[in-house]
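# Breakdown of the fold
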Amino acid sequence: MFQGASSLNLDAKGRMTIPAKHRDALTVQCEGRVTLTRHPHGCLLFFPRPTWESHREQIAAWPMSARAWQRIFLGNASDVELDSAGRILIAPELRAAVGLERDVMLLGMGSHFEIWDAAKLAESEAQAVASGMPDVLSTFSF
């Protein structure tokens, strides 16, 4: 299970270094083979390849009424591998689609990660807090 937030920088070529704690787990889990795709909330989804392959099969089976959503998830999917320095290259098209510049946040979300532009994530979180807790969480407590 991936969890936690990491503040990272993209280099001039669009590469992002994966933190060591996640890099080691990805090496064991999928030999560094991962898939990136776009999410409609304005971030990238980052999956270990076996996890993505399971999702990909489900998405491909969606009915024609969901074709636009298939384009978002499957049409933007990019298979990448960690390089010898533990980095992944984020394609220019994906960076442009979600507005990734230099400062990014990598969020562990259990079975996968989200990659956000740091400023956009802060704005999204502020909006979520301002709009209040959803009813589904009304009985949740720490």
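Residues numbered from 1 in each chain as written. Predicted model: local features only at pLDDT ≥ 70, side-chain atom pairs only at ≥ 80, totals over all residues. Heavy atoms only, no water.

## Some remarks on the sheet that holds strand β4 (residues 43-48)
If you trace the six strands from one edge of the open sheet to the other, you get β1-β7-β8-β4-β3-β5, paired in antiparallel fashion. Sheet topology places β1 (2-9) and β5 (78-81) at the edges, where each strand pairs with a single neighbour. Between one strand and the next, the sheet's axes are offset by a mean angle of 25°, whatever the strand orientation. Summarising the sheet, strand β7 (residues 103-110) and strand β8 (residues 113-117) pair through five bridges and their orientation is antiparallel. Its bridge partner being in β8, Met105 is matched across the sheet by Trp116. Lying over the sheet, helix α2 (residues 49-60) contacts β3 (33-39), β4 and β5, oriented at roughly 110° with respect to β4. Those strands touched by helix α5 (residues 118-130) are β7 and β8, and its axis lies near 100° from that of β8. (Pairing = 2+ DSSP bridges. Helix = DSSP H or I, 4+ residues; strand = E, 2+ residues; numbered from the N terminus. Axes fitted to C-alpha atoms, helices over the stretch in contact; angles between N-to-C directions. Contact = heavy atoms within 4.5 Å.)

## Some thoughts on the nonpolar core
Nonpolar side chains tend toward joint burial in soluble globular proteins. Counting 22 residues, the largest nonpolar core has Met16, Phe46, Ile88, Ile90 and Ile115 as the members making the most contacts within it. Elements that contribute at least two residues to this core include exactly β1, α1 (20-30), β3, β4, α4 (92-98), β7 and β8. Each residue touching Phe46, except ones within four places of it in the same chain, is listed here: Met16, Ile18, Leu26, Val34, Thr35, Leu36, Ile88, Leu106, His112, Phe113 and Ile115. (Core = buried A, V, L, I, M, F, W, Y, C linked by side-chain atoms within 4.5 Å. Buried < 20%, exposed > 50% of the residue type's maximum accessible area, 1.4 Å probe, protein only.)

## Examining the packing of aromatic side chains
Tallied over the full model, the rule gives six aromatic pairs. Plain terms: the ring middles of Phe2 and Phe113 are 4.4 Å apart, the flat faces sit at 35° to each other, and that makes the pair tilted. On the criterion of sequence distance, the pair formed by Phe2 in strand β1 and Phe113 in strand β8 is long-range, its members being 111 residues apart. We note that Phe2, like Phe113, is buried. (Phe/Tyr/Trp six-rings, centres within 6.5 Å; stacked < 30°, edge-to-face > 60°.)

## Things to note about the UniProt feature "domain: SpoVT-AbrB" (unreviewed entry) in the protein chain
The positions UniProt marks with the feature "domain: SpoVT-AbrB" (unreviewed entry) are residues 5-51 and 77-120. Taken end to end, residues 5-51 has its terminal C-alpha atoms 20 Å apart, with 30% of it in helix and 45% in strand. (UniProt positions renumbered as here; feature names shortened; annotations may be inferred.)

## Describing the pattern of salt bridges
Oppositely charged side chains may form a pair once their charged atoms are brought near each other. Scanning all chains against the criterion turns up three salt bridges. Note that Arg49 and Asp79 form a salt bridge whose closest N and O atoms lie 3.5 Å from each other. With Arg49 in helix α2 and Asp79 in strand β5, the pair connects residues that are 30 residues apart, well separated along the chain. Since its relative accessible area comes to 8%, Arg49 is described here as buried. Between Asp83 and Arg87 there is a salt bridge, and its shortest N-O distance comes to 2.8 Å. Here Arg87 falls in the partly exposed class, since its relative accessible area comes to 22%. (Salt bridge = Lys/Arg side-chain N within 4 Å of Asp/Glu carboxyl O.)

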